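Summary of the model geometry
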Amino acid sequence: MSDDTVNVIDELFAVIEDRKANLPEDSYTASLFTHEKGENAVLEKLGEETTELILAAKDDDREELAHESADIVYHLLVLLSMKEMDVDDLRAELAKRR
Ligand SMILES: N=c1c2ncn([C@@H]3O[C@H](COP(=O)(O)OP(=O)(O)OP(=O)(O)O)[C@@H](O)[C@H]3O)c2ncn1[C@@H]1O[C@H](COP(=O)(O)O)[C@@H](O)[C@H]1O
């Protein structure tokens, strides 16, 4: 994995944190933080996208698999932010398993 690929995750997380702090009206991310369903909105998205990921894998559709993987990573980062966690928590957990 290139440094750019790693950085894009950190950069995306920084954007998510910014949206959480500033709640711009036109932001999908902000709408997840203010959703009437609370955290269930992002949890439902993760459930739906996991199903879509499974279907893409079963179809051997690599383009769709990458698309759904990105949707899941994005919504996972939103969830971590909602729980006052961050990418370092994920990195630390993965590193513990080496
Ligand atoms: N990475 C994402 C990202 N991934 C997914 N989504 C949104 O998540 C929603 C996914 O829901 P759905 O699966 O129902 O949408 P869909 O387009 O039908 O997707 P599929 O069914 O094809 O999987 C869509 O509205 C997408 O726009 C994202 N929205 C934002 N980001 C990032 O967050 C940044 C800030 O975005 P805003 O908060 O909107 O400013 C953007 O610059 C992006 O980098």
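Our subject in this report is the structure included herewith. In this text the structure is predicted, and so the values were computed from the model without any measurement. (Residues numbered from 1 in each chain as written. Predicted model: local features only at pLDDT ≥ 70, side-chain atom pairs only at ≥ 80, totals over all residues. Heavy atoms only, no water.)

1. Observations regarding the overall build of the protein
Stated formally: Numbered from the N terminus, helices here are DSSP runs of H or I no shorter than four residues, and strands are runs of E no shorter than two. Whether two residues are in contact is decided by their heavy atoms: any pair within 4.5 Å suffices. To be clear on the numbers: accessible area is Shrake-Rupley with a 1.4 Å probe, and residue cover counts the displayed protein chains and nothing else. For this count, His and the chain ends are skipped, Lys and Arg are scored as positive, and Asp and Glu as negative. Note that the charge is assigned to NZ on lysines, CZ on arginines, CG on aspartates and CD on glutamates.
Across its full length, the protein carries 5 helices and 0 strands. In sequence order, the secondary structure elements of the protein are arranged as α-α-α-α-α. Considering only C-alpha atoms, the protein reaches an extent of 40 × 30 × 25 Å along its principal axes. Sequence-distant contacts in the protein: of pairs separated by 6 or more residues, those separated by 24 or more amount to 59%. Carbon and sulfur atoms form 52% of the exposed surface of the protein, whose accessible area is close to 7000 Å². Treating the 11 positive side-chain charges of the protein as one cloud and the 26 negative ones as another, the clouds have centres 7 Å apart.

2. Points about unusual backbone geometry
Its identity is not glycine, yet Asp 60 carries a phi of approximately 55°, on the positive side. Within the secondary structure, Asp 60 is located in the loop between α3 (40-58) and α4 (62-82).

3. Considering the side chain of Thr 29
Looking at where Thr 29 falls in the secondary structure, it is placed in helix α2 (residues 28-33). Every residue in contact with Thr 29, bar those within four places of it in the chain, is listed here: Ile 16, Arg 19, Tyr 74 and Val 78.

4. Re the packing of aromatic side chains
Stated formally: Pairing of aromatic rings covers Phe, Tyr and Trp, the last through its six-membered ring, and needs centres within 6.5 Å; plane angles under 30 degrees mean stacked, over 60 mean edge-to-face, and all others mean tilted.
All told, the structure shown has 1 aromatic pair when counted by the stated rule. When the ring of Tyr 28 is compared with that of Tyr 74, the centres are 6.1 Å apart and the planes differ by 35°; the resulting orientation is tilted. With Tyr 28 in helix α2 and Tyr 74 in helix α4, this residue pair connects regions lying 46 residues apart in the sequence.

5. A look at the site of the ligand
Short version of the rule: Near residues are defined by distance, with any heavy atom within 4 Å of the molecule or strand qualifying the residue. We call two N or O atoms a polar contact when they sit within 3.5 Å, provided that within protein one can donate a hydrogen and the other can accept it, with sequence-adjacent residues counted only if both atoms are side-chain atoms. For this classification, the nonpolar set comprises Ala, Val, Leu, Ile, Met, Phe, Trp, Tyr, Cys and Pro, the charged set comprises Asp, Glu, Lys and Arg, and every other residue, Gly included, is treated as polar.
Arg 19, Ser 27, Tyr 28, Thr 29 and Lys 45 are the nearest of the 14 residues found near the ligand. In this structure, Glu 52 approaches the ligand through a side-chain N or O atom, which is 3.1 Å from an oxygen atom. Contact with the protein chains removes 55% of the 840 Å² of surface that the ligand exposes when unbound. At the level of secondary structure, the elements contributing two or more residues to the shell around the ligand comprise α1 (3-22), α2, α3 and α4. A per-element tally of the shell around the ligand places α4 first, with 5 residues. Class assignment for the residues of the shell around the ligand results in 4 nonpolar, 4 polar and 6 charged.

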